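Topology and contacts: notes
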Amino acid sequence: HHMALVAVSCAYYLPFADVQGELMKYANMLRLLRLIRVVKSLKRLPKVAFMFNCVVTLLASARDIILFLCVIVYFYSALGCIFFGGSLYQGAKTLEGTEYEETKLFALNFNDMMSACALWFVNLLCEYNAPIADGAHASLPEWKKNAWLVFPMFYFTVVILAFELVAAFTIETFVALTGDQPSSDDEEELADQEGDEEEEQEGLEKLRAELLLEDPPLCFHYTRSASAEQERVYEMMFKNEEEEQQEEQEHANPWEIQADAAPEEKERIALARQLYELQEKLDEAIAADQEEDELDNEEEEEKETKMTKYQRAAWMLQDAIAGKSFEWYPESAAAHKHYLIFKQREVFYYRAICILFLLGYFEVPLWCDTTGSFVFESGYDRCQVPAGGTVYLSSLPQLPPGITIIAELVCLVLAWLKLRAERKLQRKFFDKKKISYINPAFHAVCYIAMLVSIWDVWIFCTFRPSARLAPYMRVVFMICIPTVNRLLKALIGIINEWLSVVSFWMGTVAFFAWIGVTLLNDNDSRNSAGMRVNEGFDSFGSAVYTMFVASSSDDFVDKFNPTFTQNRGYGLLWIWCLFLSNFLFLNLILAMIFEKYAESFKNEMKKSQKNQKQSLVKAFRIVSSQSEEDREVTKESFFQLIEAMNASAATQNFSRPDMEYVFTALDEDEGGSLGQEEFESVIDAIQYTFWITVKDSSLEKRFPNLYKSSFVQTLKDWVWDVDLDDENATSKLDTVMNVVLLLNTVVV
């Protein structure tokens, strides 16, 4: 904010009048940054600090849900651009007389990906938007009329299903942050109850000990009756006879030729015996070869260089961060090398997927002119509409198709390298132990998506079609990301309950639509305001759509206004409809999604924490001392473990001072080593980013005498006269600056 004030002050003295006026406008916006100091000071208030903490926690924790919503909106945006691209523009004859044209909603269209995302974002916040849906339906040719169903589909799958996850997540996070702590009275009551339970348990233990001293413990035994014992003996006898007969049959020579056997039978038995002997020899040879191969593999494994115990433990820690745990890990250095290659390629893979995802916003829309592969042209030059029409596009530049295709191919190559590396790691080191280190289903889906994308690139380069599969394959890549997939599984887990509630809701809509058609079907008169009374209720299909729009958006006033103007008694009917549909069922859906999401989230967290615990315990046992009684990780062992983690591209690099800070933070008892409980906190500590802020200014080194003067020391005390352990404390300088900035904001 200090630099903003300097910039604003200097802008007044620039010699160029036009530049001065333009800069002053934006510089005045920067002046608002001074209020950040004031907002920071407000954190000292408990309520403000609590709300600030809630907002920061929600924004930090909602990253996965926001990404999930972005993926879904991207999918529907791609659909919209294919179905409605180039149809919604100002001056289109198909839009004449529609509410879309009357309300001038031309900027909300599907003419490019960014405009489509903006349109779906409006639908996400305003729920079902009938004017846009009706305008899109009117703009389509007859053979594509059914494409407008994408709007109800978006409402059902995104607005009242996926978007409700955000509400459920917000409630869950807020409840976790505001979990009521027991009051002092409650704590005393709980302590008394625990004391009573302990006394009761001690009394029971004492009574049990006295009884054991007076009389030895009872031994439960049973005796068989004579008939039962006899029956058991008979059963054993018959069983022994049957076993002896079966054993004799098994050990009998199947190739023994009876003297009275026919010649054909003798030849058949002799041939079968020869074949059997040959099969036995082949089995013995195969078994011998397998034994030799196993011995060779064991010798090769012994000859291979093994990874260090710190590298193996670092592998386990990185899996613990991801919430994974495996029963077995390879010990060869080659496996560790393949793992590091896989993690490095995984980092580039995620970056490539993000680039592919963002690339869709800069590609030339397929309804536009896609020729001129390497020619930079404005979107308005490429995307032409019939004469007299005005098309609205987003302000993002459109890259030539040739450049986007090259970028797409590079990203697909990076994806292929990652898929190949993880498959090689799985096949070479984990398949022999029958352990699935990678998810085979995700691997297969991503591989198919990559092949389809490459095929789609070839089709586009050859024929330049008006539709592509690439956007949907990018959605598949995004769904394979673990966090997105976890949320998708949560949605799939609640689909049955969601369908039951939605079915009741749609049944209610259909019921009231039937009542409306029954009452208003033949009433073609107009009310006192000139509106047709049965508008929207002239058929059962239109009545269902009218009731759906009224129950899913704020357009119910327009839908019910003609009948309510004609007769106020219709208001009683519509009140019941709105109460059941807008209030009861929609809130029931939210409650159901919240309950199921909370349950799914807790189960997922329990599973992840369990896997983390197992991986941490294994890593601790590997790097700790060999004493079973008192295991601990020394400081040097901890440093070597962190250095082994630095070799992976998936984790941040820690310098030696950073390692010191982390170890000091973990060593709570200051014993110079880490116990198991202290070591288990390393998974949280290594995910923090550390930096050092120099406390003293450069005067200390450049002008030491001036720095040690009384005047500088007084200023220094004035600035640092604050309790550093209290994060809400402010110095005298901060107080003066806040007052000056507040006065400046009010007066200037």
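Residues numbered from 1 in each chain as written. Predicted model: local features only at pLDDT ≥ 70, side-chain atom pairs only at ≥ 80, totals over all residues. Heavy atoms only, no water.

**Here we look at the overall build of the protein**
For the protein, the count of helices and strands is 31 helices and 2 strands. Going through the 748 residues of the protein one by one, you find that 35% of them count as buried. The long-range share in the protein, meaning contacts at least 24 apart out of those at least 6 apart in sequence, stands at 70%. Of the roughly 46,000 Å² that the protein leaves accessible, carbon and sulfur atoms contribute 59%. (Helix = DSSP H or I, 4+ residues; strand = E, 2+ residues; numbered from the N terminus. Buried < 20%, exposed > 50% of the residue type's maximum accessible area, 1.4 Å probe, protein only. Contact = heavy atoms within 4.5 Å. Areas by Shrake-Rupley, 256 points an atom, 1.4 Å probe, with all protein chains shown as cover.)

**What to know about the packing of helix 20 (residues 495–520) against helix 23 (residues 570–623)**
Contact geometry of helix 20 with helix 23 gives a least axis separation of 9 Å together with a crossing angle of 170°. The pairing of helix 20 with helix 23 is recorded here as roughly antiparallel in orientation. Residue-level inspection shows Glu 497, Trp 498, Val 501, Val 502, Phe 504, Trp 505, Thr 508, Phe 512, Ile 515, Leu 519 and Leu 520 of helix 20 in contact with helix 23, the latter providing Tyr 570, Leu 573, Trp 576, Cys 577, Leu 580, Ser 581, Phe 585, Leu 586, Leu 588, Ile 589, Met 592 and Lys 596. Here the residues of the contact of helix 20 with helix 23 are counted per class, giving 19 nonpolar, 2 polar and 2 charged. (Axes fitted to C-alpha atoms, helices over the stretch in contact; angles between N-to-C directions. Parallel < 35°, antiparallel > 145°, perpendicular 65-115°, else oblique. Nonpolar A, V, L, I, M, F, W, Y, C, P; charged D, E, K, R; others polar.)

**What about the packing of aromatic side chains?**
Across all of its chains, the model carries 44 aromatic pairs by this definition. Measuring from ring centre to ring centre gives 5.7 Å for Tyr 100 and Phe 106, while their planes differ by 90°; the resulting arrangement is edge-to-face. The class for Phe 106 is buried, based on a relative accessible area of 5%. Taking the centre distance of 4.3 Å and the plane angle of 25° together, the rings of Trp 315 and Tyr 339 count as stacked. Of this pair, Trp 315 sits in helix 13 (residues 309–321) while Tyr 339 sits in helix 14 (residues 333–359), and the two are 24 residues apart along the sequence. Like Tyr 339, Trp 315 is buried. Members of the aromatic cluster, joined through ring pairs, are Phe 75, Tyr 76, Phe 83, Phe 84, Phe 110, Trp 120, Phe 151, Phe 154 and Tyr 472. The cationic tip of Arg 351 hangs over the ring face of Phe 348; the distance from NZ or CZ to the ring centre is 5.6 Å. The ring of Phe 564 has Arg 568 sitting right over it, with the charged end atom 5.8 Å from the ring centre. (Phe/Tyr/Trp six-rings, centres within 6.5 Å; stacked < 30°, edge-to-face > 60°. Lys NZ or Arg CZ within 6 Å of the ring centre and 35° of its normal.)

**Comments concerning helix 24 (residues 635–646)**
Compared with the 16 Å implied by 1.5 Å per residue over 12 residues, the 17 Å span of helix 24 between its first and last C-alpha is a close match. For helix 24, the complete set of buried residues consists of Ser 637, Phe 638, Phe 639, Leu 641, Ile 642, Ala 644, Met 645 and Asn 646. (Expected span 1.5 Å × (residues − 1).)

**Brief notes about the environment of Gln 609**
Mapped onto the elements of the fold, Gln 609 is located in helix 23. With a relative accessible area of 47%, Gln 609 lands in the partly exposed category. Separated by 286 residues in sequence, Gln 609 and Gly 323 place their C-alpha atoms 6.7 Å apart.

**Focus on the state of the cysteines**
Tallied over the full model, the rule gives 1 disulfide. Here Cys 368 connects covalently by a disulfide to Cys 383, the sulfurs 1.9 Å from one another. Taking the torsion about the sulfur-sulfur bond, which here is approximately 100°, the covalent link between Cys 368 and Cys 383 counts as right-handed. One end of the pair, Cys 368, is in the loop between helix 14 and helix 15 (379–382); the other, Cys 383, is in the loop between helix 15 and helix 16 (401–430), with 15 residues separating them in the sequence. For Cys 383, a relative accessible area of 1% corresponds to the buried category. Cys 81 takes part in no disulfide bond, and the closest cysteine sulfur to it belongs to Cys 117, at a distance of 7.9 Å. (Disulfide = S-S within 2.5 Å.)

**Let's talk about the nonpolar core**
The biggest cluster of nonpolar side chains holds 108 residues, and the ones touching the most others in it are Trp 120, Tyr 128, Phe 151, Tyr 155, Ile 160 and Met 547. Among the elements that take part in this core, helix 9 (residues 150–177) stands out by supplying 13 residues, more than any other. Formed by 43 residues, the second largest nonpolar core is a distinct cluster that contains Met 307, Ala 313, Trp 315 and Ala 619. (Core = buried A, V, L, I, M, F, W, Y, C linked by side-chain atoms within 4.5 Å.)

**Considerations on helix 13**
Helix length check: helix 13, at 13 residues, gives a terminal C-alpha distance of 18 Å against a target of 18 Å (1.5 Å per residue), a fit within 8%. Counting buried residues in helix 13 gives 10 out of 13 residues, a clear majority hidden from the surface. Regarding helix 13, the residues found buried are Tyr 310, Arg 312, Ala 313, Ala 314, Trp 315, Met 316, Leu 317, Gln 318, Asp 319 and Ala 320. If you follow the buried residues of helix 13, they end up packed against helix 14, helix 16, helix 23, helix 24, helix 26 (676–679) and helix 27 (682–685).

**A word on the side chain of Glu 363**
If you trace the backbone, Glu 363 turns up in the loop between helix 14 and helix 15. Reaching out from Glu 363, the side chain makes a polar contact with the side chain of Arg 474 at a distance of 2.9 Å. Excluding residues within four positions of it along the chain, Glu 363 makes contact with Gln 398, Thr 404, Glu 408, Arg 468 and Arg 474. (Polar contact = N/O pair within 3.5 Å; in protein donor to acceptor, adjacent residues only side chain to side chain.)

**Quick look at the pattern of salt bridges**
On inspection of all chains with the given rule, the structure shows 17 salt bridges. As a salt-bridge pair, Glu 497 and Lys 596 come within 3.6 Å of each other at their nearest N and O atoms. Residue Glu 497 is located in helix 20, and its partner Lys 596 is located in helix 23; the two are separated by 99 residues in the primary sequence. The class of Glu 497 is partly exposed, set by a relative accessible area of 27%. A salt bridge links Arg 656 to Glu 636, with the nearest nitrogen and oxygen atoms 3.6 Å apart. With Arg 656 in helix 25 (residues 656–666) and Glu 636 in helix 24, this pair connects stretches of sequence that are 20 residues apart. Judged by relative accessible area, which is 38%, Arg 656 ranks as partly exposed. Beyond isolated ion pairs, a larger network of salt bridges with shared partners links Glu 363, Glu 408, Asp 456, Arg 468 and Arg 474. (Salt bridge = Lys/Arg side-chain N within 4 Å of Asp/Glu carboxyl O.)

**Focus: the environment of Ala 649**
Along the chain, the position of Ala 649 falls in the loop between helix 24 and helix 25. A relative accessible area of 42% means that Ala 649 is categorised as partly exposed.

**Details of a negative patch on the surface**
Taken together, the side chains of Glu 99, Glu 102, Asp 134, Asp 554 and Asp 558 define an acidic patch exposed on the protein surface. Position of Asp 558 among the secondary structure elements: in helix 22 (residues 556–566). (Patch = residues over 30% accessible without salt bridge, like charges linked within 9 Å, V, L, I, M, F, W, Y side chains within 5 Å. Lys, Arg positive; Asp, Glu negative; His and termini not counted. Charge placed at Lys NZ, Arg CZ, Asp CG, Glu CD.)

**Some thoughts on the packing of helix 9 against helix 20**
With their axes 12 Å apart at the nearest point, helix 9 and helix 20 run at an angle of 115° to one another. The handedness of the crossing between helix 9 and helix 20 is right-handed. Contact residues: Tyr 155, Phe 156, Ile 160 and Leu 161 in helix 9; Ile 495, Trp 498, Val 502, Trp 505 and Met 506 in helix 20. Class assignment for the residues of the contact of helix 9 with helix 20 results in 9 nonpolar, no polar and no charged. (Left-handed = near helix turned anticlockwise from the far one by under 90°.)

**A short note on unusual backbone geometry**
Phi at Arg 464 takes a positive value of approximately 50°, unusual for a residue other than glycine. By secondary structure assignment, the location of Arg 464 is in the loop between helix 17 (440–463) and helix 18 (470–479). Residue class for Arg 464 comes out partly exposed when judged on its relative accessible area of 26%.

**Comments concerning the confidence of the model for the protein**
Per-residue confidence for the protein gives a mean pLDDT of 79, with 74% of residues at or over 70. Note on residues 248–252: pLDDT under 50 across the span, and 0 contacts to partners over four residues away in sequence or across chains. (pLDDT = per-residue confidence, 0-100.)

**Observations concerning the environment of Cys 411**
Counting through the fold element by element, Cys 411 comes out in helix 16. When the C-alpha positions of Cys 411 and Arg 351 are compared, they lie 8.5 Å apart, and in sequence the two are 60 residues distant. Look past the residues within four positions of Cys 411 in its chain and what remains in contact with it is Ala 352, Ile 355 and Leu 356.

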